[in-house]
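Coordinate inspection notes
Each chain, letter by letter, is given below.
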Amino acid sequence: MTRRIRIGVDVGGTFTKAVAIDMMNGAIMGKVTVPTSHSSSGGVSNGIVLALTDLIKNQHIETSEIELISHSTTQAVNALLEGDTSKVGIIGMGVGLERSNVIKRTSVTDIELAPNKYLKTCYRFLDTSKFLEEHEVITAIKELKSEGADVLVVSEAYGVDDPSNELFVMKMSDIPATAGHELTGIYGLEIRTLTAAINAGILIKSINTTKFVESAMQQQGITAPLLIMKGDGGITDMITFKTKPILTILSGPAASVAGALLHLRVFNGIFVEVGGTSTNVCIIRNGRPEIKYVTIMNHPTCIKSLDVRVVGVAGGSLVRWSGKKITDVGPRSAHIAGLTYSCYADPQELEGGQIITFMPKEGDPIDYIAIESSGAKRFAITNTCAANALGLIPENDYARGNQESARLALSILAQRIGITMEEAAESILDLSGKKVLEVINVLSKNYKLKNDRTVLIGGGGAASVLVPYVARKANREYKIAEHAEVISSIGVATAMIREEREKTVNNPTAEETSSLMKEVEKVAISKGALPESLTIQSEYISERSLLRVTAYGNISLDIGTANAKEIGDEEARVLACELFGINDGIRRIFDMKNYYVFACEIHKKKLFLKSRRQSILVLDKYGRIRLSIENGMIYSGPAQHVMNKFEIFFNECRDGRKSNDLAPQVHILDGTKIIDFSSLTSSEQVLKAVKKELIKSGNNEVTVILKI
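Residues numbered from 1 in each chain as written. Predicted model: local features only at pLDDT ≥ 70, side-chain atom pairs only at ≥ 80, totals over all residues. Heavy atoms only, no water.

1. Section: the pattern of salt bridges
Inspection of every chain in the model, using the stated rule, returns 26 salt bridges. Notably, a salt bridge pairs R407 with E422, separated by 3.7 Å at the nearest N-O pair. Taken together, the residues R407 in helix 14 (residues 403–417) and E422 in helix 15 (residues 421–446) connect sequence positions 15 residues apart. Here R407 falls in the partly exposed class, since its relative accessible area comes to 35%. A salt bridge links R501 to E499, with the shortest nitrogen-to-oxygen separation between them at 3.5 Å. (Salt bridge = Lys/Arg side-chain N within 4 Å of Asp/Glu carboxyl O. Helix = DSSP H or I, 4+ residues; strand = E, 2+ residues; numbered from the N terminus. Buried < 20%, exposed > 50% of the residue type's maximum accessible area, 1.4 Å probe, protein only.)

Here is the structure:
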C-alpha cells in the first residue's frame, strides 16, 4: 500500500527542523535538523530546501508518496527586525472635500521597525470624487518609482465597502502592489494603511522566497501542495504568502502551539516551548489558544496572531557576570556566538580551561563569559550545561549532554566566584527560570487562570532544561511533550486551515452574518479544507461595531480521506474523561456521523448554596476538540423537531429576559460542520438565523447546543 506522508518544516532562530509523518498511522518516520540559513544567498529558504531534501533521502521517501509539505518561516519577522524592507510608495484616495483628512490618515511616514531600522515610504494622493483616469494613476506610480518605491500600497477611504478604485490602481501598477481591503474588512483608514505598508515592505522578499522554494521542489520532482504557517495557528497556501506575508509573523511560535493542540491534544494548559535562543509561552484554554492583534514596535495592526510571549532566555543562553557573581543569563545564545556548549565537549577539552569575558556580537556588553581551553578554543556555559551538571536531564532526552563535562565547566566557574558547583548551576537556572515564570504569572493573571488546574506543557529541544525547574518553583504540575524537540515541525505538518474575515457593521442581521459565514467558508474550502471538517464561528464586538467570522477545517489531503485514522467509541470516551478531568459521570449524548458529543454534570458548592451545570464537549471523529462549553443545553433530532423545541425554549427565555441582556450563544451541528451564532446580539436575530439554518437542513438529524 502506498504510504501517505506529510512533511512539516519549522524554521527556528537557530535550527531548521523537518519531520515526516505517516498519515496512515500517525507515526513519525524521521527527523532532520540543519542550521537555519540566515546569511545564505537564498536566506532561510536554503535551510528549508536542505532539510527537506535530506529528510526525503534519509527516509527513502518517494516523491509520489508526499501528499503535503507545510512550513513555518521567520522571513517576515526577520526582515522587519533587521530593516530589510523595500521602499513603499503609498497612494491614498478619497473624495475632494475630505482630502486633508484622508491625506492625514494615509500619508504614513517612515515606520520604525526596530531601533534605528525604518521602513521607508513616499506618498501621492488621488481624488476619487470623479472617475479615475488611467493617465493620472500611471503618472502617480511613475512619480513614486522615481522616488525609489519598489512596491505599491493603495488605500482609499471606505475601500472595504467598495474596493473597485483600489483594484483599478493595482491593475495599473507595474510593480508589486497591495491594498488595504485585501488585509482586513474593518474601518480605520490609518491602521489599515499602516498594516498594508508593513505588508508591502516585505512583499518582494516573500515573492522571491516562494519562487526559490517552489523552484527547488520542482527540481526534486515534488508535486505535492506547499502550504505555509500563519501567526494565528492556521496554515494557508503560498499564493497568500506571496500577497500577504504579514500574516506569517510569529508563525514559528504558532507552529509549536499547533503541535501542542493537534498532536498532544492539550485542552487546558500553559505551553512553554524552550528552544536554543528564546522561550515561547502561550495559554491554551478549552482547546484553543488565545489570539490578539499584532503590534510591531508600538504600531498596532489589523493582523491577528496567537498571544505568544517571547522570553529572551532558553537552553543555549549565555551566562553573564560581574567578576564576583553571576548577574544574568541571556539574551545572547551560544548559537549566535558560534560556541559549543560545554556539556557537549569532551572533558579533556575543558581541563585547565579559564573563564574569559567576551562580546558575542559587535555592540553587545562584554560581560558574557566562556571557558577558554589551553588550545584557545572556547566553550559556552549555558542553561543546558547547568541542568546537566545537576543531573536534571533524563537519559535519551534531546538536551542530554556529558554530565562530567557539565560538572567540570560549572566547577571552573564556581571556583572563580567562590561558591560550589551546585550553587553556580542553581544560580543560572534561577535567573532564567524567574524570567519565564514572570511571563507565566502575567498571562495567568491576564486570563484568570487557576494554578491548581493549569499544567505546564514543555516543548522544544530544551524543554527538560527549564520546564521542570520552573514548574517546581511555581508549584505546578508539568509534562514534557513526546518528540518535544520537533513539536513545532509536527505542528506545521498537522495544522488546520484557519481563515478569518472582519467587517465593520452596526447591529448585524442574520443575513449579514450568514453572508460573511458563506464567504469565509468558501475561502477555507478553496485553500484545501474539507467541507465536513469545518467549524464556523462568529463573534460580534459591539463596542467596536465589529463582526468577525472564523472558519477552521482539516486539510483535505490529511484528516478525512478514506485511510485516515479515526478514533473508536471507547478511545473517544477515554479522551473525554481526560479532557473533563474526571473518570465517572461522563455520558455520550448523541451518535453523529462526524462528531462525538459528551456531557457531564458538575456540582459546585459556594457557601450554603449548591449549583449544577452541564459541561459539553464535542470531538470530531479523529479526536480533535471542536467545541467546549462549561454550561449548556442540547436539543437533537430531525431539524423540524429541534426547531420547534428550540423555539419554545427560546421564547420562554426571552419572556423572562431583560431587554439589555445578551442573546445566548447557539451552535448547530448538522453532521458535517459546526456553525456558531454567538455573534448576534438580539434574541430576534438569533431565532431568525437559527431557524433559517435548520430549514436548510431539511429532515436531517441535527443538534443544537446552547451556552447558558
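That shown, we press on.
2. Here we look at helix 7 (residues 189–201)
Between its first and last C-alpha atoms helix 7 spans 18 Å; for 13 residues at 1.5 Å apiece the expected length is 18 Å, and the two agree. Extensive coverage of helix 7 is indicated by the burial of 11 of its 13 residues. Among the residues of helix 7, L189, R192, T193, L194, T195, A196, A197, I198, N199, A200 and G201 are the ones counted as buried. (Expected span 1.5 Å × (residues − 1).)

3. Notes on unusual backbone geometry
For the bond from G330 to P331, the omega torsion is 5 degrees, close enough to zero to count as cis. In this structure, P331 sits in strand 20 (residues 326–333). Residues other than glycine seldom take positive phi values, yet Y158 does so here, at roughly 65 degrees. Its location among the elements puts Y158 in the loop between strand 9 (151–156) and helix 5 (164–172). The backbone of N396 shows a phi angle near 70 degrees, a positive value even though the residue is not glycine. Position of N396 relative to the elements: it lies in the loop between helix 13 (383–389) and helix 14. Taking relative accessible area as the criterion, N396 reaches 78% and is therefore assigned exposed.

4. A closer look at empty space enclosed by the protein
Any space left empty among the atoms is revealed by the rolling of a water-sized probe across them. Evaluated as defined, the whole model comprises two cavities of 30 Å³ or more. If you add up the space inside the second largest cavity, you get close to 30 Å³. Along the walls of the second largest cavity sit V49, L52, T53, V213, A216, M217 and Q220, which together make up its complete lining. Put simply, the parts of the chain that give the lining of the second largest cavity at least two residues each are helix 1 (44–58) and helix 8 (203–219). Class assignment for the residues of the lining of the second largest cavity results in five nonpolar, two polar and no charged. (1 Å grid on protein atoms, 1.4 Å probe; cavity = no way out; pocket = protein on both sides within 12 Å on 5 of 7 lines; lining within 4 Å. Points joined across faces, edges and corners; volume = space filled by probe spheres on them. Nonpolar A, V, L, I, M, F, W, Y, C, P; charged D, E, K, R; others polar.)

5. Re the sheet that holds strand 8 (residues 121–127)
Read across the open sheet, the four strands follow the order 8-5-9-10; overall the sheet is parallel. Two strands lie at the open edges of the sheet, namely strand 8 and strand 10 (177–179), each paired on one side alone. Each strand of the sheet is rotated relative to its neighbour by a mean of 20 degrees, with strand direction disregarded. Where helix 3 (residues 99–106) meets the sheet, it contacts strand 5 (88–94), strand 8 and strand 9, and its direction lies at approximately 155 degrees from that of strand 8. (Pairing = 2+ DSSP bridges. Axes fitted to C-alpha atoms, helices over the stretch in contact; angles between N-to-C directions. Contact = heavy atoms within 4.5 Å.)

6. Some points on helix 5
Along an α-helix, residues three or four positions apart point the same way, because every turn accommodates 3.6 residues. When we look at burial in helix 5, the residues that qualify are E166, V169 and M170. Buried positions in helix 5, seen along its axis, are confined to an arc of 100 degrees and lie on one side of it. On the buried face of helix 5, the contacting elements are strand 5, helix 4 (134–146), strand 9, strand 10 and helix 6 (180–183). (Arc of directions from axis to C-beta.)

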